[in-house]
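Listed here are the chains, written in short residue letters.
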Amino acid sequence: MKSATGPIPGITRVDHFGVTVPDLEEARAFFVDVLGCEYMYTLGPFRHDDHWMSEHLNVADDTVMRRLHFFRLAGQAIFEVFEYEAAEHNLSPPRNSDVGGHHVALYVTDLDAAVDHLRSLGLTVFGEPTASKGPSEGQRWIYFLAPWGMQFELVSYPGGKAFDSAPREAPAKE
């Protein structure tokens, strides 16, 4: 990175999350039937005979983006879900400890009921809900996997988190 400082001018919110999946119809069932997303629309396929794919999407030039679906969750969060055809691609999702590892955290009002539901669907749920400590005390959370291995987290803090009611310390001066 160069020496410029400060945030990107004009950032106001998260717009969407892009996710690549091995089977778009399996993902559609998960996003709609499990997460309760609203299916919005489909685009694709996209292919180019030049360097557009590598220049704009950071994929090999011969990659085909078969289709993508857009989903809306709870009237706000948007998921842009891709299915690609590529000569070389990794079919194993990264773990949180891998470079590029990630998860999507979703807030639920009743964590225990949500976990019971995930288990009844046969989805992989990791352990039991964990109670946070320190600044996040008041929160409980748990990880689970989508059918293709993408990591999700459920969080709940109906009474708020400790940092919401604790006085804030001023950052140390250098």
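Keep in mind the model is a prediction, meaning the values are calculated, not measured.

## Here we look at the sheet that holds strand β1 (residues 17-20)
Then, in step 1: Read across the open sheet, the four strands follow the order β1-β4-β3-β2; overall the sheet is mixed. With one partner strand each, in any of the chains shown, β1 and β2 (38-43) form the two edges of the open sheet. Recorded for the sheet is a direction-independent mean angle of 25° between the axes of neighbouring strands.
Then, in step 2: Sheet topology note: the β2/strand β3 (residues 64-73) ladder contains five bridges and is antiparallel. Residue pairing across strands places leucine 43 opposite leucine 68, the latter belonging to β3.
Then, in step 3: Its contacts with the sheet place helix α1 (residues 24-34) against β2, β3 and β4 (77-85), and it is angled at close to 5° to β3.

## Some points on α1
Then, in step 1: Residues of α1 that are buried include every one of Leu24, Ala27, Phe30 and Phe31, and no others. End-on, the buried residues of α1 take up no more than an arc of 120°, which puts them together on one face.
Then, in step 2: For α1, the elements touching its buried residues are β3, β4, β7 (140-145) and β8 (151-156).
Then, in step 3: The opening residue of α1 is aspartate 23, an N-cap whose side-chain oxygen sits 3.0 Å from the backbone nitrogen of glutamate 25.
Then, in step 4: Residue glycine 36 follows α1 closely and has a positive phi angle near 80°.

What counts, and at which threshold
- Residues numbered from 1 in each chain as written.
- Predicted model: local features only at pLDDT ≥ 70, side-chain atom pairs only at ≥ 80, totals over all residues.
- Heavy atoms only, no water.
- Pairing = 2+ DSSP bridges.
- Helix = DSSP H or I, 4+ residues; strand = E, 2+ residues; numbered from the N terminus.
- Axes fitted to C-alpha atoms, helices over the stretch in contact; angles between N-to-C directions.
- Contact = heavy atoms within 4.5 Å.
- Buried < 20%, exposed > 50% of the residue type's maximum accessible area, 1.4 Å probe, protein only.
- Arc of directions from axis to C-beta.
- Polar contact = N/O pair within 3.5 Å; in protein donor to acceptor, adjacent residues only side chain to side chain.

Read these as geometric descriptors, not functional statements.
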